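Working through the structure, step by step
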Amino acid sequence: MPMTKEEMLHAISEMSVQEIMQLISDIEKKFNVSSVAPTHTTQTNKEPEKEEQVSFTVKLTNIGPNKISIIKIIRSTTGLGLKESKDLVESAPTIVKENLTKENADSLKKSLIDSGATAEIV
């Protein structure tokens with residue numbers, strides 16, 4: 001009379017890990033199967049392609065030694081008044097401008113860095 005499923009599980013539970021690994025290996029050989037899950041290379045299993053970022057934000061992280069030049073750049077770029085630009089610069093790290101194209105963000109960042117500030121595109 002063959003063993004029941006419960007009797008097989010009970011017998012396996014009393015085995016050592018090494019004995020269980022050997023049993024798995026023997027089962028794979030006997031039935032020509034693998035315990036490793038198959039990998040599929042179909043289109044549905046691929047990670048979705050990341051969308052290219054089209055909107056960029058420039059963040060002023062440090063104003064550096066030339067605060068007046070930075071204020072001038074902020075005024076001309078944002079259209080803020082003198083006091084608002086000064087307050088923005090003094091509150092660094094802060095976001096200077098959002099929703100810029102890549103070219104405009106690079107240009108603003110370069111202007112800020114050329115004037116001694118530290119800036120980044122986020």
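Residues numbered from 1 in each chain as written. Predicted model: local features only at pLDDT ≥ 70, side-chain atom pairs only at ≥ 80, totals over all residues. Heavy atoms only, no water.

Some points on the overall build of the chain
This is how it is decided: Elements are defined by DSSP. Helices are runs of H or I of four residues or more, strands are runs of E of two residues or more, and each kind is numbered from the N terminus. The rule is simple: take the accessible area with a 1.4 Å probe, protein chains only, and divide by the maximum for that residue type; under 20% is buried, over 50% is exposed, in between is partly exposed. When checking whether two residues touch, look at their non-hydrogen atoms; a contact exists if any pair is within 4.5 Å. Areas reported as accessible are Shrake-Rupley estimates using a 1.4 Å probe. Residue values count occlusion only from the protein chains shown.
When helices and strands are counted, the chain shows 5 helices and 3 strands. Starting at the N terminus, the α and β elements of the chain follow one another as α-α-β-α-α-β-α-β. A burial count over the chain gives 17% of its 122 residues as buried. In the chain, the proportion of contacts linking residues at least 24 apart, taken out of those at least 6 apart, comes to 63%. Of the accessible surface of the chain, which amounts to about 9700 Å², a share of 55% is contributed by carbon and sulfur atoms.

What about the side chain of S85?
Note on placement: S85 falls in helix α4 (residues 82–90). Accessibility expressed as a relative area gives 0% for S85, which makes it buried. Contacts of S85, omitting those with residues within four sequence positions, involve I71, I74, R75, T78 and L80.

Details of the nonpolar core
Where a protein is soluble and globular, its nonpolar side chains tend to be buried together. Filter applied, for reference: Residues enter a nonpolar core if they are buried and are Ala, Val, Leu, Ile, Met, Phe, Trp, Tyr or Cys, with the set joined through side-chain atoms within 4.5 Å.
Residues L60, I70, I74, L108 and L112 are the most contacted members of the largest nonpolar core, which totals 17 residues. In terms of residue count, helix α3 (residues 67–78) provides more of this core than any other element does, 4 residues in total. Those residues in contact with I74, other than ones at most four positions away along the chain, are G79, S85, L88, V89, V96 and L112.

What about the pattern of salt bridges?
Our working definition: Salt bridge criterion: a side-chain nitrogen from Lys or Arg within 4 Å of a carboxyl oxygen from Asp or Glu.
Throughout the structure, instances matching the rule amount to 5 salt bridges. Taking the shortest distance from any N to any O, the salt bridge between E90 and K67 comes out at 2.5 Å. Here K67 lies in helix α3 and E90 lies in helix α4, a separation of 23 residues in the sequence. The partly exposed category is assigned to E90, whose relative accessible area is 38%. When salt bridges that share partners are traced, they join K67, K86 and E90 into one network.

A closer look at the packing of aromatic side chains
Keep this limit in mind: In this analysis, rings of Phe, Tyr and Trp, with Trp reduced to its six-membered ring, are considered paired at centre separations within 6.5 Å, and the interplanar angle assigns stacked below 30 degrees, edge-to-face beyond 60, and tilted for intermediate values. Comment: the charge-over-ring label is applied if NZ (Lys) or CZ (Arg) is within 6 Å of the ring centre and within 35 degrees of the ring normal.
For the structure shown, the criterion picks out 0 aromatic pairs. Against the face of F56 rests K102, its NZ or CZ located 5.1 Å from the ring centre.

As for α3
Stated precisely, the cut-off is as follows: By this rule, a helix spans an expected 1.5 Å times one less than how many residues it contains. Along the arc lie the directions from the helix axis toward the C-beta atoms.
With 12 residues, α3 ought to run about 16 Å at 1.5 Å a step, and its terminal C-alpha atoms sit 16 Å apart, in line with that. For α3, the complete set of buried residues consists of I70, I71, I73 and I74. Down the axis of α3, the buried side of the element spans an arc of 160°, and every buried residue falls inside it. Turned more than 90 degrees away from the buried face of α3, the exposed residues are I68, K72 and S76.

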